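This is what each chain is made of:
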Amino acid sequence: MTAESELLAKEIFDADPQIVHLGLIDLEGNVLLDQSSAASEPTEPDEDRIAFYHQLDVRRHAREHLDEAYGQTDYVHIIREKMQQVILYLPKITVYLTLEKSMTPDEVKAATQKIKFLDSDIMKSGV
């Protein structure tokens, strides 16, 4: 974890107050940062979360095989019984978010757009 990834996490949390948790994953599936919005500091993810983040990376690469035929995936929105999840596929990192269950699809889309277009040197460098 670097100061850049911590600053990026702050910018992402600032993009929408309904973001509950975030994970930043590099293009090799390594965890750059794992943090809850309630925590002032990032945490060291447990083995299950690390495995989950690796699975996200595998899914990203599987989706990339379909890019030429169908176009790129910007994000995936999953609605679960107790929460919502969003996975954003940015050029140099994958951003995993858990969101408040009460968010509407339009609010989710707005939040993902804010994050996708953060005008940040950190975002452009890929953390």
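Here the structure is shown first, and the text comes after it.
Residues numbered from 1 in each chain as written. Predicted model: local features only at pLDDT ≥ 70, side-chain atom pairs only at ≥ 80, totals over all residues. Heavy atoms only, no water.

A.B. asks: Explain the pattern of salt bridges here, please?
C.D. replies: A side chain with one charge may pair with a side chain of the opposite charge, provided their charged atoms come close. Within this structure, the stated rule accounts for four salt bridges. We note a salt bridge from Arg49 to Asp34, for which the minimum N-O separation is 3.7 Å. Separated by 15 residues along the polypeptide, Arg49 in helix H2 (residues 47-64) and Asp34 in strand E2 (residues 31-36) bring together distant segments of the chain. With a relative accessible area of 28%, Arg49 lands in the partly exposed category. (Salt bridge = Lys/Arg side-chain N within 4 Å of Asp/Glu carboxyl O. Helix = DSSP H or I, 4+ residues; strand = E, 2+ residues; numbered from the N terminus. Buried < 20%, exposed > 50% of the residue type's maximum accessible area, 1.4 Å probe, protein only.)

A.B. asks: I would appreciate a short explanation of the side chain of Thr98 in the present structure.
C.D. replies: On the secondary structure map, Thr98 appears in strand E5 (residues 93-99). With residues up to four places along the chain from it excluded, the contact list for Thr98 reads Gln18, Ile19, Val20, His21, Met83, Gln84 and Gln85. (Contact = heavy atoms within 4.5 Å.)

A.B. asks: Sorry, what's going on with helix H4 (residues 105-116) here?
C.D. replies: Count 3.6 residues to each turn of an α-helix, and residues three or four apart come out pointing the same way. Here H4 is 12 residues long and its end C-alpha atoms lie 16 Å apart, about the 16 Å a rise of 1.5 Å per residue gives. Taken together, the buried positions of H4 are occupied by Val108, Ala111, Thr112 and Ile115. Down the axis of H4, the buried side of the element spans an arc of 95°, and every buried residue falls inside it. (Expected span 1.5 Å × (residues − 1). Arc of directions from axis to C-beta.)

A.B. asks: Which parts of the structure should I look at to understand the packing of aromatic side chains?
C.D. replies: For any pair of aromatic rings, the description consists of the separation of the ring centres together with the inter-plane angle of the planes. Enumeration over the complete set of coordinates arrives at three aromatic pairs. Between Phe52 and Tyr96 the ring centres are 5.1 Å apart and the planes differ by 75°, which places this aromatic pair in the edge-to-face class. Residue Phe52 is located in helix H2, and its partner Tyr96 is located in strand E5; the two are separated by 44 residues in the primary sequence. For Phe52, a relative accessible area of 22% puts it in the partly exposed group. Given a relative accessible area of 3%, Tyr96 falls into the buried group. Joined through ring pairs, the aromatic side chains of Phe52, Tyr53 and Tyr96 make up one cluster. (Phe/Tyr/Trp six-rings, centres within 6.5 Å; stacked < 30°, edge-to-face > 60°.)

A.B. asks: Looking at this structure, I do not really get the pairing of strand E3 (residues 75-79). What am I missing?
C.D. replies: The two faces of a sheet get side chains in turn, since along a regular strand they alternate between them. Relative to strand E4 (residues 84-89), E3 is paired through five bridges, and the arrangement is antiparallel. The residue of E4 that forms the bridge with Ile78 is Gln85. Where E3 hands over to E4, the hairpin turn is made up of four residues, counted between the paired strands. (Pairing = 2+ DSSP bridges.)

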